[in-house]
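Spelled out, the chains give:
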Amino acid sequence: FFAIFIGKWSLFIPLFANYFYLIMYFLMVYSFVYSGNIKRNLFFYFLTFSAFTPALITQAMDQCADFPLACHYAFLFFAIFEYLKTSKKLTFYILSLQLGFLPSMKNEGLILFILILIFLLLSFFSRLEKKEKVISSIVVLVPLVFYIIYKYIAPELNPVPVTFAHIKNSLLDFQRYFNLAKYFTVFHLFLLICSVPIIVIYFYRKKFKNTYFYFPILASHVAYSSILLITSSDQLWHLTTAYARINFQLIPAFFLVSFFIYSENQTIDRN
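## Focus on the overall build of the protein
The helix and strand tally for the protein stands at 13 helices and zero strands. Of the regular secondary structure in the protein, the N- to C-terminal order runs α-α-α-α-α-α-α-α-α-α-α-α-α. Looking at the protein as a whole, 44% of its 271 residues are labelled buried. Considering only intrachain contacts with a sequence separation of at least 6, the fraction spanning at least 24 residues in the protein is 81%. Split by element, the accessible area of the protein, about 14800 Å² in all, is 73% carbon and sulfur.

## A look at the packing of aromatic side chains
In total, this model carries 15 aromatic pairs according to the counting rule given. Consider the rings of Tyr212 and Phe213, whose centres lie 4.6 Å apart with planes at 25°: the pair is stacked. The partly exposed category is assigned to Tyr212, whose relative accessible area is 37%. When its relative accessible area of 0% is taken as the criterion, Phe213 is described as buried.

## Concerning helix α11 (residues 215–230)
With 16 residues, α11 should reach 22 Å at 1.5 Å per residue; the first-to-last C-alpha distance of 23 Å fits that figure. Taken as a whole, α11 has its buried residues at Pro216, Ile217, Ala219, Ser220, His221, Tyr224, Ser225, Leu228 and Leu229.

## Looking at a nonpolar patch on the surface
Taken together, the side chains of Phe12, Phe16, Phe20, Ile23, Met24, Phe26, Leu27 and Tyr30 present a nonpolar region at the surface, about 840 Å² in accessible area. Mapping Phe26 onto the fold places it in helix α2 (residues 12–33). Take Phe26: its relative accessible area is 46%, and that puts it in the partly exposed class.

Reading the values: rules and limits
- Residues numbered from 1 in each chain as written.
- Predicted model: local features only at pLDDT ≥ 70, side-chain atom pairs only at ≥ 80, totals over all residues.
- Heavy atoms only, no water.
- Helix = DSSP H or I, 4+ residues; strand = E, 2+ residues; numbered from the N terminus.
- Buried < 20%, exposed > 50% of the residue type's maximum accessible area, 1.4 Å probe, protein only.
- Contact = heavy atoms within 4.5 Å.
- Areas by Shrake-Rupley, 256 points an atom, 1.4 Å probe, with all protein chains shown as cover.
- Phe/Tyr/Trp six-rings, centres within 6.5 Å; stacked < 30°, edge-to-face > 60°.
- Expected span 1.5 Å × (residues − 1).
- Patch = residues over 30% accessible without salt bridge, like charges linked within 9 Å, V, L, I, M, F, W, Y side chains within 5 Å.
- Salt bridge = Lys/Arg side-chain N within 4 Å of Asp/Glu carboxyl O.

Structure below.
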């Protein structure tokens, strides 16, 4: 965004952004987890370790924009949880500002923006007073103006157009589903292993409070998979270069939401 907006490229931009977000992500997880009244047990330490997976750290080092986008997306949920805890108007305005900048961080940011905006409108927007609704809407729109300018200056969104005929043929091509399923299986072996303790504990306690926070993350994953199914580029090449990279964008938010749900369920047990 900044490179295109200012008209020149600098290695300082991705270098600063990645390490800044890496430090902020660490501080966010630390403040969210260790300052809370959460019982320390094996599951707690497992989640803490999972939040700092080697794959995420590697992503931060390669200077791609996926890691800052992943952290920024997680920050949105962190702001939501802070708002639920404090009900401060300023917290919601900060959340709105973060939301407005999300589309400027890669094309995938626009997908995440649309889905989490729907989630916020359905979940929280009705709780606000009229004045708060107006202010938060303006706060979201201000960075979107910069995004519109950015997209006007930037290259075309997709240089290989996707036609309706191509979409129809792709949806009827079972080989494409098979290719997607292979990458889904390999990638999610890691995520499944991390998710098993969460699922087991939920069923053991039979408490599913606040699991609706997983909705925008799951919807984003479905959107990414749909794009890779109907992609107009060579599908195998696109899957090889993009599947793991873009889906890792969702993992920090996934673990943060898991932290939140786990701590909330502990609160229910204590009460």
